Amino acid sequence: MRNVLITGGAGFIGSNFIRYLLNHDAAEKLVNLDALTYAGHLENLVDIQSDSRYLFIQGDIRNRPLLDALFAEHELDTVVNFAAETHVDRSIEDPALFLNVNVGGTQTLLEAALQHWRLKPDDKHCREYRRGCGFLQVSTDEVYGSLPPAAPSFREDSPLKPNSPYSASKASADQFVRAYHQTYGLPCSISRCCNNFGPYQFPEKLIPLMILNALADKPLPLYGDGLQIRDWLYVEDQCSALKAILDNGQFGDIYNIGATNEFSNLEIVRMILHELGKPESLIEHVVDRPGHDRRYALDNSRITNELGWRPAHTFRKALKATIDWYLNNHTWVEQMTNTSYQDYYARMYAADTP
Ligand code: NAD
Ligand code: DAU
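Bear in mind that the values here come from a model prediction, so they are computed numbers and not experimental data.

Peer 1: Mind laying out the pattern of salt bridges, listing which residues take part and the relevant values?
Peer 2: One pass over the structure, following the stated rule, counts 19 salt bridges. Between Arg-53 and Asp-25 there is a salt bridge, with its nearest N and O atoms 3.1 Å apart. With Arg-53 in the loop between β2 (29-34) and β3 (54-58) and Asp-25 in the loop between α1 (12-23) and β2, the pair connects residues that are 28 residues apart, well separated along the chain. Residue classification places Asp-25 among the exposed positions, given a relative accessible area of 52%. Here Lys-205 makes a salt bridge to Glu-204, at a shortest N to O gap of 3.8 Å. The class of Glu-204 is buried, set by a relative accessible area of 3%. Linked through salt bridges whose partners overlap, the residues forming this network are Arg-2, Lys-243 and Asp-247.

Peer 1: Account for the site of ligand 2, with residues named and values stated.
Peer 2: Looking at ligand 2, there are 23 residues lining it, with Asp-141, Tyr-166, Asn-195, Arg-289 and Tyr-349 nearest. Taking Arg-289, its side chain carries an N or O atom lying 2.6 Å from an oxygen atom of ligand 2. Within the side chain of Tyr-349, one N or O atom sits 2.7 Å away from an oxygen atom of ligand 2. About the coverage of ligand 2: the protein hides 95% of its 680 Å² of free accessible area. Secondary structure elements with two or more residues in the shell around ligand 2: α6 (206-215) and β8 (220-223). Here the shell around ligand 2 gets three residues from one element, more than from any other, and that element is β8.

Peer 1: Could you give an account of the sheet that holds β2, naming the residues involved and the relevant values?
Peer 2: Sheets are built from strands that pair by backbone hydrogen bonding, the pairs being arranged parallel or antiparallel. Sheet architecture is open: seven strands sit in the order β3-β2-β1-β4-β5-β6-β10, paired in parallel fashion. The open sheet terminates on both sides in strands that have one partner only, identified here as β3 and β10 (254-257). Mean inter-strand twist for the sheet, computed between neighbouring axes without regard to direction, equals 20°. For strand β6 (residues 188-193) and β10, the ladder comprises four bridges, and the chain directions are parallel. Among the inter-strand pairings, Cys-193 is bridged to a residue of β10, identified as Ile-257. Its contacts with the sheet place helix α2 (residues 64-74) against β1 (3-7), β2, β3 and β4 (78-81), and it is angled at close to 170° to β2.

Peer 1: With reference to specific residues and values, describe the site of ligand 1.
Peer 2: The local shell around ligand 1 holds 29 residues, among which Ile-13, Asp-34, Thr-86, Tyr-166 and Lys-170 are the closest. Between Ile-13 and ligand 1, the recorded distance is 2.8 Å, taken from a backbone N or O atom to an oxygen atom. Of all elements in the fold, only α1, β5 (134-140), α5 (165-184) and β7 (195-197) reach the threshold of two or more residues within the shell around ligand 1. By residue number, the principal contributor to the shell around ligand 1 is β5, which donates three residues. Its residues assigned to classes, the shell around ligand 1 comprises 15 nonpolar, ten polar and four charged.

Peer 1: Kindly report on the packing of aromatic side chains, identifying the contributing residues and their values.
Peer 2: How two aromatic rings sit relative to each other is given by the distance of their centres and the angle of their planes. Inspection of the entire model under this criterion finds 20 aromatic pairs. On the numbers, 5.6 Å between centres and 85° between planes, the contact of Phe-202 with Tyr-341 is edge-to-face. Taken together, the positions of Phe-202 in the loop between β7 and α6 and Tyr-341 in helix α12 (residues 339-349) put the pair 139 residues apart, joining distant regions of the chain. A single burial state applies to Phe-202 and to Tyr-341, both of which are buried. Among the aromatic residues, those joined into a cluster by ring pairs are Tyr-38, Phe-202, Tyr-223, Tyr-341, Tyr-344, Tyr-345 and Tyr-349. Over the ring of Tyr-38 we find Arg-90; its NZ or CZ atom is 3.5 Å from the centre of that ring. Here the basic side chain of Lys-218 rests over the ring of Tyr-345, its NZ or CZ set 4.7 Å away from the ring centre.

Peer 1: An account of the side chain of Thr-78 is requested, with residue identities and associated values reported.
Peer 2: When you line up the elements, Thr-78 lands in strand β4. One polar contact links Thr-78 to Asp-77, side chain to side chain, over a distance of 2.8 Å. Those residues in contact with Thr-78 that lie beyond four places of it in its chain are Arg-2, Asn-3, Val-4, Leu-5, Trp-117, Gly-132, Gly-134 and Leu-246.

Criteria and cut-off values
Numbers given for residues are sequential positions, taken from 1 along each chain in its written order. Chain A is the first chain written and ligand 1 is the first ligand written, with later ones labelled in order. In view of the model being predicted, local features appear only for residues whose pLDDT reaches at least 70, and side-chain atom pairs are presented and counted only at 80 or more, with totals across whole chains, interfaces and linings using the full set of residues. With hydrogens and water set aside, each side-chain value is computed from the structure's full complement of heavy atoms. By convention in these notes, a salt bridge is any Lys or Arg side-chain nitrogen within 4 Å of a carboxyl oxygen on Asp or Glu. Helix and strand assignments come from DSSP, with helices taken as H or I runs of at least 4 residues and strands as E runs of at least 2, each series counted from the N terminus. Relative accessibility decides the category of a residue: with a 1.4 Å probe and only protein chains considered, values under 20% of the type maximum give buried, values over 50% give exposed, and everything between is partly exposed. To be near a molecule or strand, a residue needs just one of its heavy atoms within 4 Å of it. Identification of polar contacts relies on pairs of N or O atoms within 3.5 Å, with a donor-acceptor requirement for protein atoms, meaning one able to donate a hydrogen and the other able to accept it, and with residues adjacent in sequence counted only if both atoms are side-chain atoms. Where accessible areas are quoted, they stem from the Shrake-Rupley method and a 1.4 Å probe; at the residue level, only the protein chains shown are allowed to cover. Here a strand pair is declared whenever DSSP counts at least two bridges between the two strands. Helix axes are fitted only over the stretch in contact, all axes being lines through C-alpha atoms; the angle between N-to-C directions runs from 0 to 180 degrees. Whether two residues are in contact is decided by their heavy atoms, any of which lying within 4.5 Å being enough. Amino acid classes used here: Ala, Val, Leu, Ile, Met, Phe, Trp, Tyr, Cys and Pro are nonpolar; Asp, Glu, Lys and Arg are charged; the rest, including Gly, are polar. Centres within 6.5 Å make a pair out of two Phe, Tyr or Trp rings, where for Trp the six-membered ring is used; the pair is then stacked when the planes are under 30 degrees apart, edge-to-face when over 60, and tilted otherwise. A ring has a charge above it when a Lys NZ or an Arg CZ is no more than 6 Å from the ring centre and no more than 35 degrees off the ring normal.

This is how it looks when you write it as structure tokens:
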């Protein structure tokens, strides 16, 4: 049983992960630290908010005094760091925010963990830590950059070649995690996952955006030729992979979490339209994302061979379940697509038709 700090737990994957851990009886205490940015919503957690094992704290991962108080008061022994700015398009507009939050925030969290878990906090040579402590950095396949069409999938030792400000910030955060492990012996591991989809994903991302636009008979804005390829994993499968890493992963290791479900964006959009009975004439090719990565794909061998993890969901069934979830959760959709989201949408897509 652990006392877990989950950062960014009011976002898409973090909220699914909290639900997953509570349902799998895997924690004594779960402290969710989230700044509630535009992407963080307590509406994602209403069904579990009164669970006695769960506590929400609104705050920023860059706030060191707050972190110190949380580590001390809750005797935290595990950190799962989801908190981040996550949208590539927003990173192109405001790279400095991504640098500050994703790199600065991760380093602040690492430093707090080091100070609270190290047996002799003031001894720079001490590499011993309280028993059972561990830091899991939730990272992304985007740190490896773009994969040519026929090239083999990225392995954990593939070079880091991030292309967007978002992926550069995540790669840099990963390097800080590595450095804290190498230099101080801090017990850390890193997961690198492919594209997730499922309930509670904020509508700015491809799958929910296309579902909601199709339902409203609005154009579906496909960047460039739409032939960019992503590997898609149902969010619950990323949750089970993260739990497998927490339970049996090796500190100092990186774990790719891939789905082996490669589809082009055009294929994804066609599947959504077909499922909703909407015409393909809704597809609108718009100006491409600057520096757009063409393809991601991950080699899963380490996590499958060493930790016995496998995705439990097939893509088409999970996509249908996701579409049904958006159809059945009107109130949530209305809350997420409020005025500020509409302003974002208007600004982001206004000038994009070639
Ligand atoms: P999200 O944007 O839905 O949620 C991010 C959460 O972090 C929000 O609740 C937000 O309020 C919170 N947050 C942001 N800045 C914060 C700060 N300074 N302090 C505290 N909280 C802060 O993101 P997501 O899609 O759930 O992604 C979660 C993590 O998983 C991210 O680290 C992301 O890089 C990684 N990841 C995501 C995917 C994906 O497909 N969505 C794939 C691989 C990895
Ligand atoms: O690969 C993992 C990453 O997946 C995560 O690390 C990121 O946090 C997450 O946002 C996601 O990044 P992507 O850029 O791949 O996701 P997004 O949903 O923004 O876009 C998926 C693909 O769809 C990408 O090729 C861009 C394209 N796209 C996206 C949007 C929002 C469009 O064609 N039109 C759109 O309107």
